[in-house]
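Reading the structure
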Amino acid sequence: MTTVDQLPSRRLPAWCTAPWLMLLLPVLYSLLDSALVARDAAWWQIALSTLAAVALFWRRRFPVTVLLLTMPGTWVEQIWLAPITAVYTIATDRPGPRVLIPCATLFTLVTFFHWPLPTPVIDLSRNTALDAIQAVMLAAGPAATGRLSRTRRELAARLDELTRGQERESRLLAERVLISERGRLAREMHDVVSHQVSLISIQAGALQVSTADPAAAGVARTIRELSVRTLDELRQMVGVLRGTTNGPLPDAPLAPQPRLADLPRLIEQSGLTADTELNPGDRPWPEAVERAAYRTIQEALTNITKYAPEAVVHVKVRAKGRRLRVEVRNEAPRVHPAEILPGGGHGLVGLRERAQLLGGTLTAGPTQDGGFEVRAELPATRS
């Protein structure tokens, strides 16, 4: 069974409703009307009829004036199409009846008392009544049609406005639901992750105190420091997420944002054999650029720790004009880890989105020697 939505839509071609055609067409059929009515008329009568038709070119800008210009030809030759078009234009373009009623009345009187005037002027007969009805209908028809067209246009505009309002309301409702869900996820993330990281920190602290091996104590101290820093950043992110629903949290301390100066410590704590070249230049980079560069190297080192912990790593940060280029590449792993930590691939996606928001680019993929490379270019200012 064919539904209404499946029926083929029959729309007119674009040229059928082109503005130039809508302007020209009434002039053409009015000229034809004038030519048929004034075939055997005097030259001045033909001129008045032609003036009435040509004046329709300006009916949109001066509708009342155009109607007045069509009246002489209507009175002497009884042309109809030009004044009917003028009355219709007034009805569609002029709000309210103050202008429409006098103009339609003028057209009615000129059509009824046409030239030459009969003797007597008003004859109480059936033909006179029919002429009066005809004159009234000639003016009332285009006036009513024009008002109907104007009302339909206003209703369409109002309906379009209501539709946009409903779309805005639906969008705001969806945003409120998203914000509420974001707050709920923030609470759950804080409850689950902070508990696990706190246990890691406590166990690392206990190991640091109880072990007699200096190397193991150093690793435990590093784990504890990373756990504390992770908790600080987690609290900050949770505060931002909850701030969208409950307002900002002015009393919550913000963890220091990572900068390029923190990269040596990050690389050292990764435990990887890294060849570094950190040359960001002397110019000050925006905080967002430095944070994006830091997060890019951090994610790349995390992935290398997961998949190629024994591989040699090359980290390069250098300025290239008004852009900061970040490269992290690892060689082919000599030994594959027996157990790989789980990952969902969201880290690189988030880094690519972060770079795009800053107006930069990020690419990641395997190299020819079996390694992996992450490269980002971050502009100093968004273009």
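Residues numbered from 1 in each chain as written. Predicted model: local features only at pLDDT ≥ 70, side-chain atom pairs only at ≥ 80, totals over all residues. Heavy atoms only, no water.

Under an unreviewed UniProt entry, the name given to the protein is histidine kinase, and the source organism is Kitasatospora cathayae. The UniProt entry for the protein carries the following text under Catalytic activity (unreviewed entry): "ATP + protein L-histidine = ADP + protein N-phospho-L-histidine." (UniProt positions renumbered as here; feature names shortened; annotations may be inferred.)

Quick word on the overall build of the protein
Within the protein, the regular secondary structure consists of 10 helices and 5 strands. Expressed as a percentage of its 383 residues, the buried residues of the protein come to 30%. Approximately 24700 Å² of the protein is accessible, and the part contributed by carbon and sulfur atoms is 60%. (Helix = DSSP H or I, 4+ residues; strand = E, 2+ residues; numbered from the N terminus. Buried < 20%, exposed > 50% of the residue type's maximum accessible area, 1.4 Å probe, protein only. Areas by Shrake-Rupley, 256 points an atom, 1.4 Å probe, with all protein chains shown as cover.)

Details of the side chain of T74
The residue T74 is located in helix α3 (residues 63-77) in this model. A distance of 2.7 Å separates the side chain of T74 from the backbone oxygen of T70, its partner in a polar contact. If we skip the residues at most four places from it in the chain, T74 touches I79, P83, F107, V110 and T111. (Polar contact = N/O pair within 3.5 Å; in protein donor to acceptor, adjacent residues only side chain to side chain. Contact = heavy atoms within 4.5 Å.)

Regarding the nonpolar core
By size, the foremost hydrophobic cluster in this structure holds 28 residues, and its most contacted members are I297, L301 and V328. Breaking this core down by element, the ones donating at least two residues are α8 (263-269), α9 (287-307), β2 (312-320), β3 (323-330), α10 (346-357) and β5 (372-379). It is α9 that contributes the most residues to this core, 8 residues altogether. In this view, L301 contacts L266, I267, S270, L272, V313, V315 and V328; residues no more than four positions away in its chain are not counted. Counting residues in each nonpolar core, the second largest holds 21 residues, with A52, A55, V66 and I79 among its members. (Core = buried A, V, L, I, M, F, W, Y, C linked by side-chain atoms within 4.5 Å.)

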